[in-house]
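The chain contents come next:
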Amino acid sequence: MAEVKDMDFYQIEKKWQERWEKKKIFQVSESSKKKKYYVLEQFPYPSGSGLHVGHSFIYTVGDIYARFKRMQGFNVLYPMGFDSFGLPAENAAIQAQSHPKKFTEEAIRNFKSQMKTFGYSYDWNRMIETHKPDFYKWDQWIFLKMFEKGLAYRKKSPVNWCPKCNTVLANEQVQNGKCWRHEETTVEIKQLEQWFFRTTSYADELYSNLEKLEWPEFIKTAQRNWIGKSHGTEIIFEIETERRPNFILLHGYTSSPKENFFPWLKKELEKRGYTVQVPVLPNTNNPDVSEQVDFVLKNCKFDEQTVLLGHSLGSVIALKVLEKVKKPIRKLVLAAGFSEPKFLDKKRSFEKTFDWKFDFEKIKKNVSKIKILRATNDSAAPQERAETLQQHFGGEILDFTAENNHISGKEEHVVLQQCLETFPIFTTRPDTIFGVTFMVISAQHPQLMDFITEKQKTVAQKFLKKITSTKQEDMDKLGKEGVFTGSYARNPLNGEKVPIYASNFVIADYGSGMIMAVPAHDPRDFEFAKKYDIPIKPVLLKKSDESYSYVMGINEEDIKKIGITIIEKTKSGFFKIKIPPDKLEDYKAFIRKNMKAGFWNEFTTKKGFYFIFKHKDGKIEEMELNEKTNDIIDKYGMIFNGEIPKNNPENVYSWLAKNDFYKELLIHPGPGILINSEDFNGLDTEEAKEHITIYLVEKKLGRKAVNYKLKDWLISRQRFWGTPIPIVYCDKCGIVSVSEKDLPVKLPEDIKFNSTKNPLVNYKPFIEISCPKCKSLARQETDTMDTFVNSSWYFLRYCDPKNDKKIFDTKKTDYWMPIDIYIGGKEHATMHDIYFRFYTKFLRDIGLLKFDEPAVKLFNQGFILGENNEKMSKSKGNVVLLNEAAKKYGVDPTRLFLVSNASPESDKAWSNAGVEGSVKFIKKIIDYFAHFKSGKTSKRAESKMHKYTKEITAYISNFRYDLAVIRLRELFDILNEETISTKDAGIYLKLLHPFCPHVSEELWEKLGNKGFISLESWPEADETKIDQTIEKQDEAVNQVVNDVMNILKIMREKQEKEGEQIYLYALPNEVSFYNSERISIKIGKKVSVFAVNDKNKFDPEQKSGKTKPGKPGIYIV
RNA sequence: GCAGAGGUAGCGAAGUGGUCAAACGCGCAAGACUCAAGAUCUUGUGGCUUAGUGCCUUCGGAGGUUCGAAUCCUCCUCUCUGCACCA
């Protein structure tokens, strides 16, 4: 066998790589006998600069696992491919005036050959390149499926634009307002019409399934934050804008304005100060429709703010009226409405005399806002009539349960709501609803203008201009700014009218884009209220066992006597005190007795404030502060201060909150006890959330709601080098999808790249296409898809990479999927790691997959940093290229180093000295096998082999490669101390193999084995072979060696002559622990072991007297 | 601001209630080999002390729980990562 110095890493790497490839040992196919295991690494973008050690680290982590699982007997699918669409190749093409395909394919060749030199055990037969039409065809196919299901859609919205990439970006690709590829480039907001995937329709499942995934907790947390699920309540607020509506209510057949909900509705509307006209229609029991219509037109006044409501037959009258009104009206509300005789009882007279023909075009012209109210409990008319109406003139169908059949209850709240202008808001804190003092609509809200009144227009526009002209990065510095819109909202719980502001601090596309602001219990609202001097109304008393009071008119000494501590004495002579709960009654009595006349004292209790007044005449009045006592107390306060009570007393709680001592109890964002909240007083936050929501649901003013931060995925890119979107724009047919048989829509190859813009836009052979529907000339969409679509399903294509009939054979995906272990970077936490889950769920829902999640286990490897501990980058000059490292140190040492000095998930610096350490170790192994002499495996070696096999197996399973390598080193030291058989030497090589595949193959062969160690089975640890006494002996030997070394050191230091011969005196039952040979090897001196009771022992200095259990006496000469 | 991860010997990094002055590697030191250097091997690597002992000080800082803490709890501090006015 060769000496170490003759061992050429390069030679053996090449030799085995060639053999593996020739024998195709890593090619796999489905098998009914073997259990599958799918190991997958996130595939790379083939960049022009080639692989660096960071890349190879990911693949090494995966390869070790794949080799390990393969040896464990699994049918391991371990493929590799290239995510080959993307901007760098396109930019290179623009610079060179060439085609990105050229750069891409060169890079792929380079990547692939470098990967091969690293000996990864991929099944190259399954390689995927996403830029190839036979791959991206299926991207387009999936797009069509999503389009069919309404999950791919086009909309105009504010989008993120990177001026460097010259394209829009997904929400996920914007990091801190900068582009994910250009850390220096600020993303701009543009209003564009773009394609989206409806990821939000899976928000709930994407969120809830996280629980089941064996993924690193931090990734799951990141996804949870990103999806941002929050539970709350949607509350409907009435809105009063400058455009004040007036109402005309038309009753139905055999009815009158005195029946059903009409009287109630009229009262409610008038209460709000609106004009209401409720004509009594003639001949209601035997109506002539045209007569009634004429009656309405003659007797009612219509204008552009008119809201027309028709109930039952009244809705038919309303429609007819709308054919004839001169000017368009504001809104039409149809309650139990119909338009065709087929839904009617044929016996009634009016249906025979009426012509039943409507001019729907005219109606549409006269009203644009139409609400069709359909009660699900309406037995008087079939449900489908709502759809019939909608087909005729559009409008919005609202399903609800009416108080009574045919919407004939006394108080039909939904009818009222639909007559009024309402706006829903989302809140997680319905418990604070009584504290609402204003509303805020997002300054970016599409409906904002509806709220701004004539009077406020100038200020509002000035403000909006400021907001839009502020750059994204300056926004944070800007703080919360806003302006009053001029409109108001009405609190559905107490009817209070509050102003609506517009502001930059509310997000337009979260919830409804408007919030209820509770400054007392939300710091953001507080900040805003302070700035614009809006009232702050506390409604939650912070829980506190102690009672707080701010007391005057009593002696300091007297307070102390009853055991109450004074927190602070103010300059004006007040005492801030906290009263323990058990002292409260004493305190009350004390106040009654000791407070000077003409004073009053308030203090908090667990439920709210309590007041004790002492009038000048000594009369004492006491009361608890609640809604009813609110006014009284305010007046009392005034009188005591010698002031004249105001007509509109200030809310006492707000007044109390101005006191900085009470403030901490009244102004806070946490939970508490409800005060100032009418019937809900006394409930705690959690109870109140529940009760208030129930109340709102009953009144049809709200519902439980869940909201997500997640937004739909913007997939359009204004770039060339991506998958073309299979959509055609036709002047006649609108947006038309390309038919399946015409896929793929291919990227042209004979196209010139000479500007930074997408060249497809002006490339006639591509854009000029006939409409798939009407065959007339249409225009092909020139945007391409975000390259993340490719990686969203590539793992499925690996299962059946060459299928040209289908996206994949489901039999194959059923066998291989899901991915058992997915290895990749943590930077994908909220990008790829969400997208591929979304795709999986979609493909499952169209029947292609039988599982919910693509990857059961996810492993995130750390980054490899440069030697200086900084991220590798060309500009820092610390990039370590893979091929150079392999050439210099050999592949196996490089692999071994990458996984050995830290657990694979932590970041670590590349270190040349570190790799050299690995080289040293491997050379030692090679040297050992070069001089290997087979023998019978010693007991100790056998025990250790099993012990270490067990540990190494467990460590590799858990990706603790670093600890596995340490065990390999330790086991190697034992090999050196013991004799072992050829078979056991082979076992060591097997344990080494996943880390050092080439060297282990070579040594395996040199050991006389036939075949590949790659295909050998993983050694099994037999725990019964682990000998505990050997462990004890080892411990004893180590201990004694330590002691001897220590003595020798001391002898040396004392300049004594260092001893050459060592005598040990052990207890008789321990003599066997001290193997003189092993100790001798370790110390490098002669060793004799005696039992203490051995009469023939050599012990001139009586050191045997020092012998203790576990500690032999030592004598050194 | 919120959330997550983390701070261990000169460095990287194990260790998550006693077996810990703390694996393993790198670095450093001494010794062996060599004419010498490198490579290799051996030993050492918190301090004091000692023929193998004993003691003290250490695991970001300060407290606490415990017979016992790097390890559990509380507060503080610093670093990294993610989200960023999400109502």
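Residues numbered from 1 in each chain as written. Chains lettered and ligands numbered in written order. Predicted model: local features only at pLDDT ≥ 70, side-chain atom pairs only at ≥ 80, totals over all residues. Heavy atoms only, no water.

(A) Quick peek at the overall build of chain A. Of regular secondary structure, chain A possesses 38 helices and 44 strands. For chain A, the C-alpha radius of gyration of 41 Å lies well beyond 32 Å, the compact-globule estimate for 1117 residues. Projected onto its principal axes, the C-alpha positions of chain A cover 130 × 100 × 55 Å. In chain A, the proportion of contacts linking residues at least 24 apart, taken out of those at least 6 apart, comes to 74%. Accessible surface computed for chain A: about 50,700 Å², of which carbon and sulfur atoms make up 49%. Between the averaged position of the 173 positive side-chain charges in chain A and that of its 154 negative side-chain charges there is a distance of 2 Å. (Helix = DSSP H or I, 4+ residues; strand = E, 2+ residues; numbered from the N terminus. Rg over C-alpha atoms; globule rule 2.2 N^0.38 Å. Contact = heavy atoms within 4.5 Å. Areas by Shrake-Rupley, 256 points an atom, 1.4 Å probe, with all protein chains shown as cover. Lys, Arg positive; Asp, Glu negative; His and termini not counted. Charge placed at Lys NZ, Arg CZ, Asp CG, Glu CD.)

(B) Summary view of unusual backbone geometry. Here L743 and P744 are connected by a cis peptide whose omega angle stands at 0°. Its place among the elements puts P744 in the loop between β34 (734-737) and α25 (764-767).

(C) Geometry of empty space enclosed by the protein. For the coordinates displayed, the defined rule picks out four cavities of 30 Å³ or more. Estimates place the volume of the largest cavity at around 200 Å³. Residue lining of the largest cavity: 17 residues in total, with G86, L87, R717, R719 and T787 positioned closest to the centre. For the lining of the largest cavity, the elements supplying multiple residues, two or more each, are α3 (87-96), β6 (167-169) and β37 (784-785). For the lining of the largest cavity, a count of residues per class yields six nonpolar, six polar and five charged. The computed volume of the second largest cavity comes to approximately 50 Å³. What lines the second largest cavity is L541, K542, K543, S544, E546, Y548, T604, T605, K606, L665 and I673. Considering only residue class, the lining of the second largest cavity consists of four nonpolar, three polar and four charged. (1 Å grid on protein atoms, 1.4 Å probe; cavity = no way out; pocket = protein on both sides within 12 Å on 5 of 7 lines; lining within 4 Å. Points joined across faces, edges and corners; volume = space filled by probe spheres on them. Nonpolar A, V, L, I, M, F, W, Y, C, P; charged D, E, K, R; others polar.)

(D) How the structure looks around the protein's contact with RNA strand B. Taken together, 44 residues lie around RNA strand B, and T428, R524, I966, D1043 and K1054 are the ones closest in. In RNA strand B, the atoms that sit within 4 Å of the protein are 59% sugar and phosphate, with bases accounting for the remainder. Take F505: an N or O atom from its main chain is 3.3 Å from a sugar or linking oxygen of RNA strand B. At the level of secondary structure, the elements contributing two or more residues to the surface near RNA strand B comprise α7 (217-227), β17 (422-427), α32 (912-930), α34 (961-977), α37 (1028-1053) and β44 (1113-1116). No other element matches α37, which puts five residues into the surface near RNA strand B. (Near = heavy atom within 4 Å. Polar contact = N/O pair within 3.5 Å; in protein donor to acceptor, adjacent residues only side chain to side chain.)

(E) How the structure looks around the environment of V316. For V316, the position within the fold is in helix α10 (residues 313-324). Judged by relative accessible area, V316 falls into the buried class, the value being 0%. For the pair formed by V316 and S208, sequence separation is 108 residues and the distance between their alpha carbons is 48 Å. With sequence-adjacent residues up to four places away left out, V316 is seen in contact with F338, F354, W356 and F358. (Buried < 20%, exposed > 50% of the residue type's maximum accessible area, 1.4 Å probe, protein only.)

(F) Structural detail: helix α38 (residues 1076-1083). Listing the buried residues of α38 in full gives R1078, I1079 and I1083. Buried residues in α38, looked at end-on, bunch into an arc of 125°, giving them a common side. Of the exposed residues in α38, the ones pointing more than 90 degrees away from its buried face are E1077 and I1081. In this structure, the buried side of α38 is in contact with α33 (939-957), α34, α37, β42 (1061-1066) and β43 (1086-1091). (Arc of directions from axis to C-beta.)

(G) A look at the packing of α3 against helix α4 (residues 100-117). Where α3 meets α4, the closest approach of the two axes is 8 Å, and the angle between their N-to-C directions is 125°. Relative to α4, α3 is oriented oblique. Between α3 and α4 lies a crossing of right-handed hand. Of the residues in α4, those in contact with A89, E90, A92, A93 and A96 of α3 are P100, F103 and T104. (Axes fitted to C-alpha atoms, helices over the stretch in contact; angles between N-to-C directions. Parallel < 35°, antiparallel > 145°, perpendicular 65-115°, else oblique. Left-handed = near helix turned anticlockwise from the far one by under 90°.)

(H) Inspection of the side chain of S547 at higher detail. By secondary structure assignment, the location of S547 is in strand β23 (residues 547-551). Among all residues touching S547, those that are not within four sequence positions of it are I577, K578, I579, L584, T604 and T605.

(I) Examining the sheet that holds β44 more closely. Within the open sheet, the three strands sit side by side as β43-β42-β44. Their pairing is mixed. Across the chains shown, the open sheet's two edge strands, defined by having one partner strand only, are β43 and β44. Each strand axis lies, on average, 20° off the axis of its neighbour in the sheet, ignoring direction. In the packing of α37 onto the sheet, contacts are made with β42 and β44, and the angle to β44 comes to roughly 40°. In the packing of α38 onto the sheet, the strands contacted are β42 and β43, and the crossing angle to β43 comes to about 145°. (Pairing = 2+ DSSP bridges.)

(J) Representation of a negative patch on the surface in the model. Negative charge collects at one region of the surface, where E627, D631, E678 and D679 lie side by side. Mapped onto the secondary structure, D631 falls in helix α21 (residues 630-640). Relative accessible area serves as the criterion here: at 40%, D631 is assigned to the partly exposed category. (Patch = residues over 30% accessible without salt bridge, like charges linked within 9 Å, V, L, I, M, F, W, Y side chains within 5 Å. Salt bridge = Lys/Arg side-chain N within 4 Å of Asp/Glu carboxyl O.)

(K) Main features of the environment of K22. Mapping K22 onto the fold places it in helix α1 (residues 9-23). Along the backbone, K22 and A886 are 864 residues apart, and their C-alpha atoms lie at a distance of 22 Å.

(L) Just the pairing of strand β38 (residues 821-824), in detail. Both faces of β38 are covered, namely the face carrying I821 and I823 and the face carrying Y822 and G824. Relative to β38, strand β1 (residues 36-41) is paired through three bridges, and the arrangement is parallel. By the bridge assignment for β38, L40 is matched with Y822. Of the pairings in the sheet, the one linking β38 to strand β39 (residues 858-860) comprises three bridges and is parallel in character. Along β39, the bridge assignment pairs Y822 with L858.

(M) Region of the structure containing the sheet that holds strand β16 (residues 396-400). With parallel pairing, six strands are arranged side by side in an open sheet as β12-β11-β13-β14-β15-β16. Where the open sheet ends on each side, the last strands, each with one partner, are β12 (276-277) and β16. Across five bridges, strand β15 (residues 370-375) lies against β16 in parallel orientation. Bridged to A375 within β16 is F400. In the packing of helix α13 (residues 385-393) onto the sheet, the strands contacted are β14 (331-335), β15 and β16, and the crossing angle to β15 comes to about 170°.

(N) Local environment of the pattern of salt bridges. Scanning the entire structure with this criterion turns up 81 salt bridges. As a salt-bridge pair, R272 and E238 come within 2.5 Å of each other at their nearest N and O atoms. Here R272, found in the loop between α8 (262-271) and β12, pairs with E238, found in strand β10 (residues 230-240); they are 34 residues apart in sequence, far enough to count as distant. Given a relative accessible area of 13%, R272 falls into the buried group. Members of the salt-bridge network, linked through shared partners, are E238, E240, R244, E268, K271, R272, R490 and K497.

(O) Broad picture of the nonpolar core. Counting residues in each nonpolar core, the largest one holds 170 residues, and the members touching the most others are F197, W713, W910, Y988 and F995. The element best represented in this core is helix α2 (residues 53-71), accounting for 10 residues. In this structure, M439, I441, L493 and I692 belong to the second largest nonpolar core, which totals 37 residues. (Core = buried A, V, L, I, M, F, W, Y, C linked by side-chain atoms within 4.5 Å.)

(P) Up close: the confidence of the model for chain A. Of the residues in chain A, 97% have a pLDDT of 70 or more, and the chain-wide mean is 89. Within the model, the stretch residues 1-6 combines pLDDT values under 50 with nine contacts to residues more than four positions away or in other chains. The complex prediction reports pTM at 0.88, with the ipTM value standing at 0.94. (pLDDT = per-residue confidence, 0-100.)

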